[in-house]
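What follows is the residue order along each chain.
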Amino acid sequence: KWEDVHQAALLRLKCGLTSNEVMAYFDPSKRSSLPVDANPVVLGAVLTQGGKVISYISKALSSVKWRYSQIEREALAIDWGCHHFRMYLL
């Protein structure tokens, strides 16, 4: 059951994850990092610079990809993250 207290907590979380203390604009002169992760149903990646987030992304996997081994899902996350952020990384 979703109540007002849950909605308020979600809004606080969203504000915290997108605040100036956590996020920044991309700076081509700074070194970039792209940590990625995968679990059986979703891929995730975060483009960062100097400990600040530039962008978050996630993607649900198809039922076929659910059957991939963990190492294959991690490799897929690397490929997908690099492809998604290619303009920043190049």
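Below is a short write-up of the structure. Every value quoted in this text rests on a predicted model; they were computed, and no experiment measured them.

Glancing now at the packing of aromatic side chains. Overall, the coordinates contain 2 aromatic pairs when judged by the stated rule. Ring geometry for Phe26 and Tyr88: centres 4.7 Å apart, planes at 65°, overall edge-to-face. You can see Phe26 sitting in the loop between helix H1 (4-17) and strand E1 (32-33) and its partner Tyr88 sitting in helix H3 (residues 86-89), a full 62 residues away along the chain. Residue class for Tyr88 comes out partly exposed when judged on its relative accessible area of 39%.

Looking now at a nonpolar patch on the surface. A contiguous nonpolar patch, built from Trp2, Leu10, Leu13, Leu17 and Tyr56 and spanning about 490 Å² of accessible area, is present on the exposed surface. One can find Leu13 in helix H1.

Now for the pattern of salt bridges. Under the defined criterion, the tally for this structure stands at 1 salt bridge. Ionic pairing is found between Lys1 and Glu3, a salt bridge with its closest N-O pair at 3.9 Å.

To continue, consider the nonpolar core. Membership of the largest hydrophobic core is limited to 11 residues, which are Leu34, Ala38, Leu43, Ala45, Leu47, Ile54, Ile57, Leu61, Ala77, Trp80 and Phe85. For this core, the secondary structure elements donating two or more residues are strand E3 (42-49), strand E4 (52-60) and helix H2 (70-84). Counting residues per element, this core draws most heavily on E3, which supplies 3 residues. Leave out the neighbours within four places in its chain, and Ala45 touches Leu34, Pro35, Val36, Ser55, Tyr56, Ile57, Trp80, Gly81 and Phe85.

Cut-offs and rules
For every chain, the first residue of the written sequence is number 1, and numbering continues from 1 along that sequence. Local features in this predicted model are restricted to residues whose pLDDT is 70 or higher, and side-chain atom pairs enter the listing and the counts only when it is 80 or higher, whereas totals over whole chains, interfaces and linings include all residues. Only heavy atoms go into the side-chain values, all of them from the structure, while hydrogens and water stay out. We call Phe, Tyr and Trp rings a pair once their centres come within 6.5 Å, taking the six-membered ring for Trp, and we label the pair stacked below 30 degrees between planes, edge-to-face above 60, and tilted otherwise. Secondary structure follows DSSP: runs of H or I at least 4 residues long count as helices, runs of E at least 2 residues long count as strands, and numbering of each begins at the N terminus. Exposure categories follow from relative accessible area, calculated using a 1.4 Å probe and restricted to protein chains: below 20% of the type maximum is buried, above 50% is exposed, and the middle band is partly exposed. Only residues whose relative accessible area exceeds 30% and that take part in no salt bridge are eligible for patches, with like-charged residues grouped when within 9 Å of each other and nonpolar side chains (Val, Leu, Ile, Met, Phe, Trp, Tyr) grouped when within 5 Å. Computed with the Shrake-Rupley method and a 1.4 Å probe, the accessible areas treat only the protein chains shown as cover for residues. Any carboxyl oxygen of Asp or Glu that lies within 4 Å of a side-chain nitrogen of Lys or Arg is treated as forming a salt bridge with it. By nonpolar core we mean a set of buried residues, namely Ala, Val, Leu, Ile, Met, Phe, Trp, Tyr and Cys, connected to one another through side-chain atoms within 4.5 Å. Two residues qualify as a contact provided that any one of their heavy atoms is within 4.5 Å of a heavy atom in the partner residue.

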